[in-house]
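Close look at the chain arrangement
The lines below spell out each chain.
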Amino acid sequence: MALIKKEVVDQIILQADISEVVGDFVSLKRKGQNLWACCPFHHEKSPSFSVAPNKGIYKCFGCGKAGNAVQFVMDMEGSSYVEALKYLAKKYSIDIEEDQSPAAVEAQNERDSLYIISDFAKKFFQQNLNKNDEGLSIGVPYLKQRGLSAGTIQKFELGYSLESWDSLTKAALDKGFQLKYLEETGLTIVKDEGKKYDRFRARVIFPIQNVSGRTIGFGARTLKTNDKKSPKYLNSPESPIYHKSDVLYGMFQAKQATRQEDNCFLVEGYLDVLSLHQGGIENVVASSGTSLTENQIKLIGRYTKNITVLYDGDPAGIKASLRGIDLILEGGLNVNVVLFPDGDDPDSYIRKVGDTAFKEYLGAHSQDFISFKSELFAKEAKDNPVKKAEAIREMVVSISKIPDAIKRSVFLKQCSLQFGIDEQVLISEYNKIHLAEQKTARQQQKPNAYSPSDADLAEAEAAAAAEAEMYGADQKEADQTSLLRAREREIIRWILNYADREVEEGLTASQFILDELEDTEFQTPIYKKLFDLCRLKLEQGFVPTASEFLQHEEKEIRTEVVDLLSEKYELSKGWAAHEIVVPHESDLIQYGTEREVLRLKWRNVQIMIKDQMDTLPSMTNAQEMDKCLRTIKTLKDFEKQIAGLLGIVVS
């Protein structure tokens, strides 16, 4: 693995603005000090994904994903630490000096190698198109015939595969690339008898990129009109870097425009994307001939909640694609539909009428899904009451997919008016569908059947512990381990958040805590690690800072530190507007620090008392029993003393 110098890593992390990095993938909205969005890592209806620009971290309070800018890129792209650093270095124009020796290249991991060979193939296909006689005489004329400009061809890095059986394979092997990577990416097909040949031959090549612009696969269109055996379009097979159900063609080029326009046009093919993009409609992506998937919808949902599906005029194709609309609705997105005249698709229609007329057509013919679907079914049903009933039931099924209750209500009312049927009948039908789905979900234990998350359980546990402590409830039945963990967690949280804040002149919070707990041995492994690291830093003469731990080699430590730095709730500005002063813990450093130290000591004393009480019944020696009882009395006195300082009544 190529190494990056530590000073360069520090520079990358220093310059990487977490809000900019996350903003490249997710639409963020400010709420208080932090920025919020629906989490890009799991499906959710309301935002629980928080970005704290002042701390340089992100945290999802739903699924628990957390980290700094580097970790975010790793989580989003599934990339390695070094890959993420390279991505950020490129974004912020930071030069990285790498060891490019053959040994270093050979040491690249499997994933890196697949990216490298894919990039090589893309450039090879581009060179074939632009500099090879075959590409210039066959590939270029075809693309120009389809109305594509040189700028569009260059922007989407289109290429051409020669008719030769092994031109790419031979070129790659001559450059020192390994055959196994060519085979794993699907660029080369290897037969049992050892014969090997290129997958793509005599085809125009459409490189497929992930959202960060890395080439992960290829689509290819044959230019042979007389070849009946070979499919018109051929795609790369699945590989560790290419999963077609997770990818949308053109998303890399479309993501900024999609965010800005707050809408994404969804088409079927590569040429649809290219023609519309060239015509000034840059917020367009394609499912590349595959059925729309849940992950593809989530991908669009990172940038906008609005999708406009563009259908060609083929009735059979439209009926087959309706499932995609239900998936979009289920994903919590809004969906509109535009239907083109029979015989036209987006590519052919924009070339026929021109850019301006095409945009006008989109504006004039965009329909909400209810109007579109009801018109479609109404034509089929005509005066047939049975078909009409089936059509209405289909509409209600689609509406039932919408997670937002208000939107459901609006669409049920609209459907009622569209079909001339009592709204209450539709509501009754919806309730039947909803109850049936809930029952199925419980039986199959689907992910959408509610079960408390780890975050929910932890929050409930902490609340129970706080309540028990506040009211002096009987702790005998409580889980001592979880209560101790909660107190140790708070100590580390205070150190990381307020390490350099003074509790009194010349004494920082971190120094005070570590001095007061000098002889305390933490019991929770993760907090013991962090406490020992903080102690070591202070012994070396440094203030323990959270930013250092965010770069720690252990992911468990990085994740826990982000969790400790993250605040799920903020005080409403309404309090200040009414001149009600509600102090934040950061305004009460001395009080809060001293209180957290006392709470941990109190909890440790309670555990020590319990340990002594547990050993007492097994003692037979009178002297030992007497010593144990004296120890218990001393500990009890100490417990009452601490409890008095905390304002807790101990019986």
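Just so it is clear, the model here is predicted, and its values are computed rather than measured.

For the rest of this paragraph, the subject is the overall build of the protein chain. Assigned secondary structure in the protein chain consists of 29 helices and 18 strands. When contacts within the protein chain are restricted to residue pairs at least 6 apart in sequence, long-range pairs at least 24 apart make up 65% of them. Total accessible area on the protein chain stands at roughly 33900 Å², and carbon and sulfur atoms take up 51% of it.

Spatial ordering of the open sheet is given by β13-β12-β14-β15-β16, a layout of five strands whose pairing is mixed. Both edges of this open sheet fall to β13 (284-286) and β16 (367-368), since each of them pairs with a single strand only. As paired elements, strand β15 (residues 334-339) and β16 share two bridges and run antiparallel to each other. Residue N336 lies in a different strand from β16, and its bridge partner there is D368.

Further remarks concern the pattern of salt bridges. What the rule picks out here adds up to 29 salt bridges. Across the pair D119 and K123 runs a salt bridge, and its minimum N-O distance is 3.1 Å. Separated by four residues within a single helix, D119 and K123 lie in helix α6 (residues 110-131), roughly one turn from each other. Close ionic contact of K373 with D326 constitutes a salt bridge, the shortest N to O distance being 3.8 Å. Here K373, found in helix α17 (residues 369-381), pairs with D326, found in helix α14 (residues 315-330); they are 47 residues apart in sequence, far enough to count as distant. Per residue, the accessibility class of K373 equals that of D326, and both read buried. Beyond isolated ion pairs, a larger network of salt bridges with shared partners links K59, R489, E490, R493 and D563.

Definitions and limits used
- Residues numbered from 1 in each chain as written.
- Predicted model: local features only at pLDDT ≥ 70, side-chain atom pairs only at ≥ 80, totals over all residues.
- Heavy atoms only, no water.
- Helix = DSSP H or I, 4+ residues; strand = E, 2+ residues; numbered from the N terminus.
- Contact = heavy atoms within 4.5 Å.
- Areas by Shrake-Rupley, 256 points an atom, 1.4 Å probe, with all protein chains shown as cover.
- Pairing = 2+ DSSP bridges.
- Salt bridge = Lys/Arg side-chain N within 4 Å of Asp/Glu carboxyl O.
- Buried < 20%, exposed > 50% of the residue type's maximum accessible area, 1.4 Å probe, protein only.

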